[in-house]
Amino acid sequence: MEINEYLSASNPEAYKGKSFCYTLCGPDNAYAKIISYGAVIAELWVPDKNNVLGDVMLGLKGLDEYMANDANHGAVVGRSANRIAGASYEINGIKYTAPVNDDPNNLHGGPGSLQDVLWDGEAVSKEEAESLLKASGIKNIPEVYGESLLLSTVSPDGCCGFPGNLDTKVLYAWLKDSTLVMLYIGKTDKDTIFAPTNHSYFNIAGHDAGRIDNQILYINSDRITTKDPYNTPNGAYIDVKGTCFDFTKPAPVKQCMTADHPQNNTSKGLDQNFCLNIEENSFNNVAYVYDEKTGRKMEVFTDLPGMQVYCGNNLGGTTDQKGDVPYEAYYAICLETQLYPNAINIPEFASPILKVGETKYHITGYRFSAE
């Protein structure tokens, strides 16, 4: 693994010895560049059908831009990803409030959350990575390819209104089948919420390739959670059959991306939690996106029950992005595996609560191939 300092252009001295970029090498010459700020995947280079590497991760110019931008490009977000209705909830009969930063709701925890801090990083051996994956108890994870990266941070008690000192680790590893995997590990000293996700914006044709309308999407999901007018699940569901949300048979993203549907109209297009058909505690293959021109295919694996599908509806209007082609709306797709949004307020959803004395694990993997 190559490790380099990743410094601020405006104030390089402020982050010396604190901010780093880790280059993690995978099979078929693929590699990822991960920075310690926000545990961000800043670059992700994978081959196309002609074995030409391309960066499929939308991202920003440098540390200053990542710190100033609120789109969470490539970041690990949480401790509570997605929305909490009314920015309030209860644990053990105690009411907590989080920052209101999305209409009346809390979104992704708020300022100072996992996406807004510098993580500590260390290289770990293949054997150490295998040991962490085995400890998770999650079944059917393929073999690790080589040296991996373990990032760590402690979110302090009271940060963004959340209880407990939350000790969070994220293992980034390449697997031998060309999957870039993320294992989330959480421990706490007070019962709290532990519901992270990764907020990567993918364009598998290339980060600067433009709109994703004709990329093919498949999702193993028969229903979506219904959003209220403020884009927060209210405990109801919609069956996808007969709607634009039906990707049980592969279809172009444009089928739903800007379709006129009440669930889209509150969010400038597709921004929806899909209920995944999974086996619990297993590394499930739940979705893929495919680009015919490059032949690239990205499959999604997880143990989590939900996946937020979002098409960069709010991208555009900045010059902070890497490369020469400005990002605009619908230039990317986010496939954010997650616990259901607002699960803390809806008892029927899988609980996001992490209890004292418990170690909780969740996993997400993105497997790349070219056809």
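The present account deals with the structure reproduced in this document. (Residues numbered from 1 in each chain as written. Predicted model: local features only at pLDDT ≥ 70, side-chain atom pairs only at ≥ 80, totals over all residues. Heavy atoms only, no water.)

## Thoughts on unusual backbone geometry
Item 1. With a phi angle near 50 degrees, A39 is a residue other than glycine that sits in the positive phi range.
Item 2. Within the secondary structure layout, A39 lies in the loop between β3 (31-35) and β4 (40-47).
Item 3. Under the relative-accessibility criterion, A39 is labelled buried at 0%. (Helix = DSSP H or I, 4+ residues; strand = E, 2+ residues; numbered from the N terminus. Buried < 20%, exposed > 50% of the residue type's maximum accessible area, 1.4 Å probe, protein only.)

## Observations concerning the environment of C334
Item 1. Take C334: it is sitting in strand β25 (residues 334-338).
Item 2. Once residues lying within four places of it in the same chain are set aside, the contact partners of C334 are H199, S200, Y201, Q308, V309 and Y310. (Contact = heavy atoms within 4.5 Å.)

## Details of the sheet that holds strand β19 (residues 233-239)
Hydrogen bonding along the main chain pairs the strands of a sheet, whether they run parallel or antiparallel.
Item 1. Strand order in the open sheet made by the five strands is β19-β18-β21-β24-β25, with antiparallel pairing throughout. Edge positions in the sheet fall to β19 and β25, since each has one partner strand and no second. Strand after strand, the sheet turns through a mean of 35 degrees between neighbouring axes, direction not considered. (Pairing = 2+ DSSP bridges. Axes fitted to C-alpha atoms, helices over the stretch in contact; angles between N-to-C directions.)

## Overview of the pattern of salt bridges
Item 1. In total, this model carries 13 salt bridges according to the counting rule given.
Item 2. Among the salt bridges present, the one from D55 reaches K322, with a minimum N-O distance of 2.7 Å. Pair noted here: D55 is in strand β5 (residues 53-55) and K322 is in the loop between β24 (306-310) and β25, with a separation of 267 residues, a long-range link.
Item 3. Classification of D55 as buried rests on a relative accessible area of 5%. (Salt bridge = Lys/Arg side-chain N within 4 Å of Asp/Glu carboxyl O.)

## Observations regarding empty space enclosed by the protein
Item 1. Using the criterion set out here, one finds three cavities of 30 Å³ or more in the structure.
Item 2. Lining the largest cavity are 13 residues, and of these S80, A81, Y340, N342 and A343 sit closest to its centre.
Item 3. Residue composition of the lining of the largest cavity, grouped by class: 10 nonpolar, two polar and one charged. (1 Å grid on protein atoms, 1.4 Å probe; cavity = no way out; pocket = protein on both sides within 12 Å on 5 of 7 lines; lining within 4 Å. Points joined across faces, edges and corners; volume = space filled by probe spheres on them. Nonpolar A, V, L, I, M, F, W, Y, C, P; charged D, E, K, R; others polar.)

## Some details on the sheet that holds strand β13 (residues 166-174)
Item 1. With antiparallel pairing, the nine strands of this open sheet are ordered in space as β11-β12-β13-β14-β27-β23-β22-β17-β20. Each having just a single partner strand, β11 (120-124) and β20 (251-252) make up the two edges of the open sheet.

## Structural notes on the layout of surface pockets
Item 1. When its volume is computed, the largest pocket comes out at roughly 920 Å³.
Item 2. Looking at the largest pocket, it is lined by 39 residues, and the ones nearest its centre are D70, A71, N72, L107 and Y201.
Item 3. Those elements giving two or more residues to the lining of the largest pocket turn out to be α1 (63-68) and β24.
Item 4. Here the element with the most residues in the lining of the largest pocket is α1; it accounts for three residues.
Item 5. Grouping the amino acids of the lining of the largest pocket by side-chain chemistry returns 14 nonpolar, 17 polar and eight charged.
Item 6. Taken as a whole, the second largest pocket spans an internal volume of roughly 310 Å³.
Item 7. A total of three residues in the lining of the second largest pocket trace back to one element, the largest contributor, which is strand β27 (residues 360-370).
Item 8. Its residues placed into classes, the lining of the second largest pocket shows eight nonpolar, four polar and three charged.

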